[in-house]
Amino acid sequence: MSTGWIFCLFGCVCFCSGSFETLVISKGNEQWVNHPSTTRLLKKRSVSSAEIEVQSIKVDCKVTSRFAHTVMTTKALNKANISQEVSFEVELPKTSFITNFSMEIDGKTYTGVVKEKEKAKEQYQKAVSSGQTAGLVKASGRKMETFSVSVNVAADSSVIFILTHEELLRRNFGKYELMIRVKPKQLVQHFEIVADIYEPQGIAFLDAYGTFITNELFPLVEKTVTEKKAHVSFSPTLDQQRKCTECDGTLIDGDFFIKYDVKRAHDIGDIQIVNGYFVHFFAPANLPKVPKMVVFVIDNSYSMVGKKMSQTKVALVTILGDLPEEDYFAIIVFSDTCVVWKPHLSKATKENVKAAQEYVKTIEVIGGTELHDAVIHGVKMLYEEQRNSTASKDMVLMIILLTDGEPNNYPRTLPQIQESIRDAIKGNITLFSLAFGNDANYGFLDTLSKQNNGLVRRIYEDSDAPLQLKGFYEEVSSPLLSDVHFHYPDNTVNSLTRSHFKQLYNGSEIMVAGRLNDLNEIDNFAIEVFAQGFENNFELKGQASTQKWETIFPDEEYIFGDFTERLWAYLTIQELLDKKDKGTPEEKGNATEEALSLSLKYNFVTPLTSMVVTKPEDETKKGTFIADKLTEEERGKSQRYGTSLLNNFISVLFTCYTAAGASYPVRTTNYADGDPHFIIELPEKNDALCFNIDDKPGTIFNLVRDSLTGIVVNGQTIGDKKVIPGTKVQTYFGRFGIVHEKFGIRLMVSTKEISVSEKGKQAKFFWTDTATVKGPNMDLQVIKDRSLTVTLRNSIKFLIILHKVWQKHPYHQDFLGFYTLDSHLFSSNVHGLLGQFYHGLDFEVSEPFPGKDPNKADAIMFVKGQELVVTRGLQKDFKQDVKNGEKVPCWFIHNNGTGLLDGVHTDYIVSGLFKTI
């Protein structure tokens, strides 16, 4: 059996030799970057899985009034005669909060404590500096995210991992969904899923199934449903888990779902009061849908080229076809400017919908991302339609914005754009944002939507993107009520969660929670609900139930503590986290402080807290474990970088374990882009080196020279238009000269034009062109305002990227980036600032230590017979994403690359764009 084999639970349980001692569990805002080399590290340190026995796996869920409390327990035995590392990995819903994590090893239990994130991070960094580290490796998907821990277990000893998390089940498309990921990846002696559900309103229906359930396993899904209670269990024996009679493979591999809804009537909803806390569920039945006026604002900038735009058009054609005839709609597409399909909103008649669908099919990509004016124009169209009274004033107004980037063509800052749009909308229009792909600025769109009563949803760049777009639209396309207000007597309640909602959508539910001032006054707990319905106002009044706990919840086995209070805390924290992303600085500060206080009080791992577990290893050292959780914005970055997000220090240590002592030449990819910064990518080592060159504008550097092939590449720097006094002079590449002496080729590329001569023949192109030119010895491909690809016959390929800056920008100007593709085709004589690295580099890196920057680690690099202090950082690679770039982790060499370069950087200065040294 190969090494590195992983046993997965709802994630994995994997077993490796060696020992980590520090781990982190948190729900963080920092950009903590893991490294792909972790996979290689685990493979090197793995042992035979036959020496590890997973004795039991149990998932125990209790759902009381939509609030789910889930305990996941795994027991494993180390049967080997040596100590081994055991890793526990579990996948959780993104919407859940971890509330407890504990490990029982040799009869001793180590339990997590929730702390303020910064305090937990300080504790973790102290452990890092002393070399005691392990990490919580986190990966994320659409609905789930992964948490894992690693501990050393002695020979013939067992370990029990227990993780608890809580979440509020939200009603969507008329049902609640509890999802459990089950991926044991091996046979388990005792495997069990148990769920107990109690809903005082009564259970309308319940279904339980798994994506992996076969005809043979189906009878093992046991369901018992009474009026208010449901019990679901799934417990296959060892033989029933087998793929076949003689197989060791397991059938248990996929997702287990429990979906249900509760009974409801056309009234004020259901109010439950327990121990001084109440929760109010509101989703009245049989309400007619409210017509809407919707403006679709679609990004057609160049970054949407290809699959993104084709998928958007497919989805939009389908969405338009589903519009009810009483709705009104408009379409705006935007790049550098915005284009409106029709000057006014159109009624969704068959003729108008068909014409709009034909228009959508003609949309092409072009230009930048001028988001602000497009959204403002949509706001004006909606208000004008209202003023003209062409549609009912009861209609819901909404804008659906789809973009894959962030505004880049407008002189306002992002906060100014948000403020301008919020001032224009004035709380009367709901703005929904769809962040297409991982390059979209999720944080910007999230705040923009929250400020305007909407929400943001990430659309993943997969084959089902049109279904994702359509699914989101279906969620928000059927409003039943607008401007929903809940009123509770002022003298009876406090600490109320949000009680005003812009819309109630078909198939969803509104929840309000709070505290009672006096339980003795419960008989006076009157409730009023006001809203705008279809062609009439909606008003309901009622009295809360005064039933006692014993009456409402007669079966204690279905209850987990003070669930109503915890539900209130969960809702309140979620709302405060939203508030801290919008409002005034004072409001943001107050929301952050209150959310932190509640997170600590109720032991929730949120973006403001971390859970710390301290495990004594022996008398001389301790292991510190911290758990962290990603925000949605970080998940996008995680997917963009192709790695999980983790603390930089963990990333550094994983890198060093694989790099230290591994001195060998590798094939590289190298480029110059930015300040200017140079990046030497080492794909076979899963690592990169980077350095900056600081010199005065106008300096020409030799980047590549190869005496055997006759190829020379030089680059000339430019500076900003204006330098702020007291700041560093920023320099970029503004011109490149490429020479191929054997073919008589000279190519000059600037930010304005491209000129080429070959054996006396000359040609000139501009970046405003899109062209492909084939010559006898060189091909050129120009993509308008984006990139130039230079292919030398049977030889090297270069990519030059144009970075366009707003024309009236007071400081910056357009600049160029240079990338060498197929660099291994150069001869062994190749040299230059980049060329010297084309055939690899020998180096070693020591274990890291805290540097001058508390957020970055330093290390000692052994290279070319020298010891250099290097810093772990990030630089941008633009070859795949011209607009935003992809951040590449690298070791930064200081002082103009001194020690890494042959000689010093001034040795590479030449006198002309086509000169050699």
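Residues numbered from 1 in each chain as written. Predicted model: local features only at pLDDT ≥ 70, side-chain atom pairs only at ≥ 80, totals over all residues. Heavy atoms only, no water.

Q: I'm lost on the packing of helix α6 (residues 371–388) against helix α7 (residues 414–425) in this one. Help?
A: To describe two helices that pack against each other, one gives the angle between their axes and the distance between the axes. Where α6 meets α7, the closest approach of the two axes is 10 Å, and the angle between their N-to-C directions is 5°. Taken together, the axes of α6 and α7 are roughly parallel relative to one another. In contact with Leu371, His372, Val375, Ile376, Val379 and Tyr383 of α6, α7 contributes Ile417, Ser420, Ile421, Ala424 and Ile425. Broken down by class, the residue content of the contact of α6 with α7 amounts to nine nonpolar, two polar and no charged. (Axes fitted to C-alpha atoms, helices over the stretch in contact; angles between N-to-C directions. Helix = DSSP H or I, 4+ residues; strand = E, 2+ residues; numbered from the N terminus. Parallel < 35°, antiparallel > 145°, perpendicular 65-115°, else oblique. Contact = heavy atoms within 4.5 Å. Nonpolar A, V, L, I, M, F, W, Y, C, P; charged D, E, K, R; others polar.)

Q: Even after reading the chapter, I still don't get unusual backbone geometry, so can you show me in this structure?
A: Glycine aside, residues mostly have negative phi, and peptide bonds are mostly found in the trans state. For Asp106, which is not glycine, the phi dihedral falls at a positive 55°. By the element assignment, Asp106 lies in the loop between β7 (97–105) and β8 (108–111). The phi dihedral of Asn895 falls on the positive side, at around 60°, and the residue is not glycine. The topology assignment puts Asn895 in helix α15 (residues 894–897). Residue classification places Asn895 among the exposed residues on the basis of a relative accessible area of 60%. (Buried < 20%, exposed > 50% of the residue type's maximum accessible area, 1.4 Å probe, protein only.)

Q: What exactly am I supposed to notice about the pattern of salt bridges here?
A: One pass over the structure, following the stated rule, counts 27 salt bridges. Residues Lys470 and Asp322 are paired through a salt bridge, measuring 3.6 Å at the closest nitrogen-oxygen approach. Of this pair, Lys470 sits in helix α9 (residues 465–476) while Asp322 sits in the loop between α4 (307–321) and β21 (328–334), and the two are 148 residues apart along the sequence. Residue classification places Asp322 among the partly exposed positions, given a relative accessible area of 44%. With a shortest N-O distance of 3.7 Å, Asp814 and Lys804 are connected by a salt bridge. With a gap of 10 residues between them, Asp814 in the loop between β47 (797–803) and β48 (815–821) and Lys804 in the loop between β47 and β48 connect regions that are remote in the sequence. Accessibility expressed as a relative area gives 14% for Asp814, which makes it buried. Where salt bridges share partners, they join Arg66, Arg171, Glu199, Asp261, Arg264 and Glu509 into one cluster. (Salt bridge = Lys/Arg side-chain N within 4 Å of Asp/Glu carboxyl O.)

Q: Would you take a moment to explain the state of the cysteines for this structure?
A: Counted according to the given criterion, the structure contains two disulfides. The side chain of Cys244 participates in a disulfide bridge whose partner is Cys247; the two sulfur atoms lie 1.6 Å from each other. With the S-S bond torsion at 65°, the cross-link from Cys244 to Cys247 turns out right-handed. Owing to a relative accessible area of 23%, Cys247 belongs among the partly exposed residues under this scheme. Put simply, Cys690 and Cys890 are joined by a disulfide, and their sulfur atoms are 2.2 Å apart. Between Cys690 and Cys890, the S-S dihedral sits near 70°, and the bridge is therefore right-handed. Of this pair, Cys690 sits in strand β37 (residues 687–692) while Cys890 sits in strand β53 (residues 886–893); the two residues are 200 residues apart in sequence, bridging distant segments of the chain. Per residue, the accessibility class of Cys690 equals that of Cys890, and both read buried. (Disulfide = S-S within 2.5 Å.)

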